[in-house]
Amino acid sequence: MFARFSVAVLAMVVVVTASNILVQYPVQFDLGPVHLGDILTWGAFTYPFAFLVSDLTNRHDGPNRARLVVLAGFVVGLVLSFWLSTPRIAIASGSAFLIGQLLDIAVFQRLRNRYWLIPPLSASLFGSLLDTAIFFTLAFAPALAFIDLGFGMADSSLGFPAPWLGIGAEVPLWLSLASGDFAVKFLAALLLLAPYRVLMGRIMPLPAPTPAG
């Protein structure tokens, strides 16, 4: 059990480290009229694996161990965020990660005895939604510009108008970025059901045969 827990901690640290680095690199790719670099970074593709790690830990070792894994990721992520970005981004990133992951664990625990895909899918979607809302609000909403100013830094809010997801009606840019980020997390939650199913450590039992006669 300790070896599995150690692997989970290591996996979470790797995911958080990779995401904090890759979030600095926009996706330089065009999808029809949409330039994905305007709404996505590569970090959006690695970060959802954090939910896979916490869900598998919760499934095998329970919510308390899962919270410890999340705490390890939170500490590493906070240090990296303060090192690689501004205090406002670090606060937003740390808060979003911790609260989103704890919600994921709570939802998974409540649903853990349901059909196998319901706990991880529900937990990841609720956790991702809260994570996205907290991060982009704290990091880029103009109403919270005082966080930058409190650290003596220029306002980094992204409140100017931009087409929603590059093609829709104009909305504040931070809302468009949040929508794109959550869309990737939603897709990732679906795709990561496959490795979750493989790594569950058990196969759904077949119905017992009916006794003869």
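Residues numbered from 1 in each chain as written. Predicted model: local features only at pLDDT ≥ 70, side-chain atom pairs only at ≥ 80, totals over all residues. Heavy atoms only, no water.

### Remarks on the packing of helix α3 (residues 49–61) against helix α4 (residues 63–84)
- At a closest axis distance of 7 Å, the pairing of α3 and α4 adopts a crossing angle of 150 degrees. The orientation of α3 relative to α4 falls into the category roughly antiparallel. Viewed along their axes, α3 and α4 form a crossing whose handedness is right-handed. In this structure, α3 contributes Val53, Ser54, Thr57, Asn58 and Asp61 to the contact, and α4 contributes Pro63, Arg65, Ala66, Val69 and Val70. (Axes fitted to C-alpha atoms, helices over the stretch in contact; angles between N-to-C directions. Helix = DSSP H or I, 4+ residues; strand = E, 2+ residues; numbered from the N terminus. Parallel < 35°, antiparallel > 145°, perpendicular 65-115°, else oblique. Left-handed = near helix turned anticlockwise from the far one by under 90°. Contact = heavy atoms within 4.5 Å.)

### Looking at the nonpolar core
- With 23 residues, the main nonpolar core has Ile39, Leu40, Phe135, Phe136 and Phe140 as its most contacted residues.
- Those elements that provide at least two residues to this core are α5 (87–111), α6 (118–140) and α8 (173–191).
- Every residue in contact with Phe136, bar those within four places of it in the chain, is listed here: Ala141, Trp174, Leu177, Ala178 and Asp181.
- Ranked by size, the runner-up nonpolar core spans 14 residues in total, among them Met12, Val15, Val16 and Phe97. (Core = buried A, V, L, I, M, F, W, Y, C linked by side-chain atoms within 4.5 Å. Buried < 20%, exposed > 50% of the residue type's maximum accessible area, 1.4 Å probe, protein only.)

### As for the confidence of the model for the protein
- When pLDDT is averaged across the protein, the result is 88; 94% of the residues are at 70 or more.
- Per-element confidence in the protein is highest for helix α7 (residues 146–150), whose mean pLDDT is 96, and lowest for strand β2 (residues 34–35), whose mean pLDDT is 72.
- Predicted confidence for residues 203–213 stays below pLDDT 50, and this span has 4 contacts to residues more than four positions away or in other chains. (pLDDT = per-residue confidence, 0-100.)

### Looking at a nonpolar patch on the surface
- The grouping of Ile21, Tyr25, Trp42 and Phe45 at the surface amounts to a nonpolar patch, some 400 Å² of accessible area in total.
- Among the structural elements, Trp42 can be located in the loop between β2 and α2 (43–46).
- For Trp42, a relative accessible area of 41% corresponds to the partly exposed category. (Patch = residues over 30% accessible without salt bridge, like charges linked within 9 Å, V, L, I, M, F, W, Y side chains within 5 Å. Areas by Shrake-Rupley, 256 points an atom, 1.4 Å probe, with all protein chains shown as cover. Salt bridge = Lys/Arg side-chain N within 4 Å of Asp/Glu carboxyl O.)

### Topic: the packing of α5 against α6
- α6 packs onto α5 with a crossing angle of 160 degrees between their chain directions and a minimal axis gap of 7 Å. Viewed along their axes, α5 and α6 adopt a mutual orientation that is roughly antiparallel. Where α5 crosses over α6, the two elements pack in a sense that is right-handed.
- Grouping the amino acids of the contact of α5 with α6 by side-chain chemistry returns 21 nonpolar, 7 polar and 3 charged. (Nonpolar A, V, L, I, M, F, W, Y, C, P; charged D, E, K, R; others polar.)

### Re the layout of surface pockets
- Computed from the structure, the largest pocket encloses a volume of approximately 780 Å³.
- For the lining of the largest pocket, the leading source of residues is α4, giving 7 residues.
- Considered class by class, the residues forming the lining of the largest pocket number 18 nonpolar, 13 polar and 4 charged.
- Roughly 360 Å³ of internal volume is contained in the second largest pocket.
- Going through the elements one at a time, α2 and α8 are the ones with two or more residues in the lining of the second largest pocket.
- The dominant element in the lining of the second largest pocket, judged by the number of residues it contributes, is α8, at 6 residues. (1 Å grid on protein atoms, 1.4 Å probe; cavity = no way out; pocket = protein on both sides within 12 Å on 5 of 7 lines; lining within 4 Å. Points joined across faces, edges and corners; volume = space filled by probe spheres on them.)

### Let's talk about the environment of Ser54
- Inspection of the secondary structure assignment puts Ser54 in helix α3.
- A residue is classified by how much of its surface remains accessible, and Ser54, at 0% relative accessible area, is buried.
- Along the backbone, Ser54 and Trp116 are 62 residues apart, and their C-alpha atoms lie at a distance of 15 Å.
- Every residue in contact with Ser54, bar those within four places of it in the chain, is listed here: Met12, Ala66, Val70, Gln101 and Asp104.
- A distance of 3.0 Å separates a polar atom in the side chain of Ser54 from a polar atom in the side chain of Gln101. (Polar contact = N/O pair within 3.5 Å; in protein donor to acceptor, adjacent residues only side chain to side chain.)

### Digging into empty space enclosed by the protein
- Evaluated as defined, the whole model comprises 1 cavity of 30 Å³ or more.
- Quantified by volume, the largest cavity comes out at close to 100 Å³.
- If you go around the largest cavity, you meet 14 residues; those closest to its centre are Asp55, Pro120, Ser124, Ala189 and Leu192.
- Sort the elements by how many residues they give to the lining of the largest cavity and α6 lands first, with 4 residues.

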